[in-house]
Amino acid sequence: MDVEAFRQAGKQAIDDIADYYAKLGIDSGSIPVNSVVEPGYLTPLIPDAPPQEGEDFATISADYHRLIMPGLTHWQHPAFFAYFPTASSFEAILGDLYSLAIPTPGFNWSCSPAATELEAIVMDWAAKLLFLDAAFYNSSGVGGGSLQTTASDSALIAIVAARERYMALHPEATPELTNLVIYVTTQTHSLGLKAGKVLGLQVRALEVRAEDNYALKGETLEQALNEDKSAGRRPFVLIATVGTTSSGAVDDLTEVEAALRQHPEVWVHVDAAWAGIALCCPETHETLRLTGINSVADSICTNFHKWGLVNFDCSTLWVRDRRLLTAALDITPPFLRTTHGDAGTVIDYRNWHLALGRRFRSLKLWFVMRGFGVEGFRKHIRQAIQLNELFSTLVKNTDILELVAPPSLALSVFRLAPLDLTKDALNTLNSAFYQRLSTRKDIALTQTTLNGAYCIRFAIGAARTTESHIRDAFSIVLEEARTVLDA
Ligand SMILES: *Cc1c(COP(=O)(O)O)cnc(C)c1O
């Protein structure tokens with residue numbers, strides 16, 4: 001493809017993308033939110049080896065529409081309420097487009113000074129947008145922020161740094177690495193267990209109670225610490241969650257801080273992958289325990305690529321002390337050494353993440369924060385929270401459905417709850433209810449369990465979801481609920 005052919009094909013591609021989003025906005029009913037294909041659908045449709053001679057781009061793009069589109073689940077569809085929202089905005093698409101045009105591996109400042117410097121600046125913008133303490137700013141020279149691929153990577157990095165700090169404080173622990181323990185709760189995302197697997201460390205899941213809305217309490221933490229330490233184990237990091245996956249629970253960071261006063265060697269990583277973005281709205285600060293985050297977190301992560309208007313991937317990770325990160329991750333072989341790096345005058349982001357190279361992700365984050373402004377960002381978050389107020393009220397006003405946990409921001413967890421059923425019978429009923437909902441192509445939801453109770457999650461956040469989509473979704477839920485009860 002030469003420059004002129006690219007110009008033509010590129011214009012066509014932007015037209016196609018614009019048409020797709022226009023359709024999601026005004027005619028989403030014609031697009032099934034869940035894909036309609038069966039497993040293995042693609043294999044018979046695509047040759048089993050690449051073509052010998054290059055093909056015409058028009059043919060390739062036609063096949064994208066013909067073969068790929070039908071196999072998509074449309075995460076930006078206004079009737080997508082499964083898992084969590086996955087952001088997309090035109091500002092971010094364009095930011096990424098420019099970034100694709102200038103590939104740079106970004107491992108050193110000198111790879112492309114703009115890539116490193118913009119990332120350092122926009123991470124400070126993002127920290128300000130979310131009201132994080134100034135200790136986390138890159139401009140502090142001590143703390144700092146960087147862009148990561150996912151919240152799982154962010155947690156892994158935080159744990160590696162925590163382990164390094166622990167080993168520095170306790171050199172005698174080195175021969176007994178297996179005694180190191182990662183603390184999570186039963187509600188922590190599976191990234192905790194995965195980090196344990198990757199690092200070969202034990203993971204202990206602390207219990208939480210329904211009456212505490214599934215949040216970690218200080219007493220539970222303190223008891224576990226005393227128990228483990230007297231048995232010779234070495235808890236060194238706690239993954240606390242602000243906005244758990246199942247129900248949006250917020251661990252009690254004030255109590256965590258108090259409990260850790262006697263255990264200062266425990267690093268606190270705050271996983272706010274989904275909910276953290278909502279900190280842009282001051283009215284969420286109490287619920288999301290911003291004061292606690294700002295005083296107790298050694299590291300905090302939130303994903304702009306979920307609810308934060310930036311296309312995947314864009315996970316933001318801040319640490320209170322960047323030296324702990326680089327102490328754990330800095331490998332500088334001679335061929336990577338530079339005058340600026342040696343002098344410590346620049347950030348070399350390769351020492352802040354797992355890989356060597358990294359994408360130029362800050363462009364799309366910069367475009368989004370400028371395009372929306374703080375107020376535009378808040379409007380997007382507030383709209384989803386208001387829509388969830390509507391949905392949760394509709395659920396509460398029925399006599400066959402109930403909320404299993406208090407609505408959290410833009411997430412409701414509910415189930416069928418007719419009177420006089422045992423716990424097991426209720427679970428069986430709700431499993432049948434979810435099976436019915438999951439076969440529909442016009443709504444996407446996910447199920448979960450909360451301390452043994454089978455329930456359904458309703459997560460709002462797609463940019464094009466409006467009140468009418470919520471009312472339609474509720475009608476579908478109610479219709480299937482009645483069918484299951486009548487069966
Ligand atoms: C979505 C989510 C994750 C996983 O995020 P990835 O970026 O896919 O790793 C982890 N924790 C919480 C609380 C989440 O909501």
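Please read all numbers here as calculations on a predicted model, not as lab measurements.

Q: I tried to follow the overall build of the protein on my own but got confused; where do I start?
A: In terms of regular secondary structure, the protein is built from 15 helices and 11 strands. In terms of C-alpha radius of gyration, the protein reaches 24 Å, essentially the compact-globule figure of 23 Å for 487 residues. By principal-axis analysis of the C-alpha atoms, the protein measures approximately 70 × 65 × 45 Å. Taken across its 487 residues, the protein has 52% of its residues classed as buried. Restricting the contact set of the protein to residue pairs at least 6 apart, pairs at least 24 apart contribute 74%. As displayed, the protein has an accessible area near 22200 Å², and 56% of this comes from carbon and sulfur atoms. Taking the average place of the 41 positive charges on the side chains of the protein and the average place of its 55 negative ones, the gap between the two points comes to 3 Å.

Q: Sorry, what's going on with the UniProt feature "modified residue: N6-(pyridoxal phosphate)lysine" (unreviewed entry) in the protein here?
A: UniProt's entry tags K306 with the feature "modified residue: N6-(pyridoxal phosphate)lysine" (unreviewed entry), counted in the numbering of this structure. Mapped onto the elements of the fold, K306 is located in helix α10 (residues 304-307). Residue K306 is classed as buried on the basis of its relative accessible area, which comes to 17%. Once residues lying within four places of it in the same chain are set aside, the contact partners of K306 are F84, P85, T86, A87, A273 and W274.

Q: Whenever I open this one, the pattern of salt bridges confuses me. Can you help?
A: Taken as a whole and assessed by the stated rule, the structure comprises 29 salt bridges. With its nearest N and O atoms 3.6 Å apart, the salt bridge here joins R350 to D348. There is no split in this pair, since R350 and D348 are both buried. The salt bridge partner of E402 is R415, with a shortest N-O separation of 2.8 Å. On the criterion of sequence distance, the pair formed by E402 in strand β8 (residues 401-403) and R415 in strand β9 (residues 411-416) is long-range, its members being 13 residues apart. Among the residues examined, R415 registers a relative accessible area of 13% and is labelled buried. Through salt bridges that share partners, D96, D313, R359, R361 and K364 make up one connected network.

Q: Where do I start with the packing of aromatic side chains in this structure?
A: Where two aromatic rings form a pair, the distance of their centres and the angle of their planes describe that pair. If you walk through the whole model with that rule in mind, you get 16 aromatic pairs. A network of ring pairs unites the aromatic residues F81, F391, F414, F433, F458 and F474 as a single cluster. One Lys or Arg, K128, reaches over the ring of Y137 and ends 5.0 Å from the middle of that ring. Stacked on the ring of F84, the Lys or Arg R457 has its end atom at 4.6 Å from the ring centre.

The rules behind the values
Note on numbering: residues in each chain are counted from 1, in written sequence order. Only residues with pLDDT of at least 70 are given local features in this predicted model, and only at 80 or more are side-chain atom pairs given and counted; all residues enter the totals for whole chains, interfaces and linings. As a rule here, side-chain values come from all non-hydrogen atoms in the structure, and water together with hydrogens is ignored. Helix and strand assignments follow DSSP, with helices taken as H or I runs no shorter than four residues and strands as E runs no shorter than two, numbered in order from the N terminus. A radius of gyration in this sense is built from C-alpha atoms; the matching globule rule multiplies 2.2 Å by the number of residues raised to 0.38. A simple rule labels every residue: compare its accessible area, found with a 1.4 Å probe on the protein chains alone, to the largest value its type can have, and call it buried under 20%, exposed over 50%, or partly exposed in between. Whether two residues touch is decided by their heavy atoms; if any such pair falls within 4.5 Å, the residues are in contact. Accessibility throughout is a Shrake-Rupley quantity obtained with a 1.4 Å probe, and a residue counts as covered only by protein chains that appear here. Just so you know, the count uses Lys and Arg for positive and Asp and Glu for negative, and it drops His and the chain ends. For the purpose of locating charges, the reference atoms are NZ of Lys, CZ of Arg, CG of Asp and CD of Glu. UniProt positions are given in the numbering used here, feature names are shortened, and annotations may be inferred rather than shown by experiment. Here, a salt bridge means any Lys or Arg side-chain nitrogen found within 4 Å of an Asp or Glu carboxyl oxygen. Whether two aromatic rings pair depends on their centres lying within 6.5 Å, for rings of Phe, Tyr and Trp, where Trp uses its six-membered ring; planes under 30 degrees apart make the pair stacked, over 60 edge-to-face, and the rest tilted. The rule for a charge over a ring is simple: NZ of Lys or CZ of Arg within 6 Å of the ring centre, and within 35 degrees of the ring normal.

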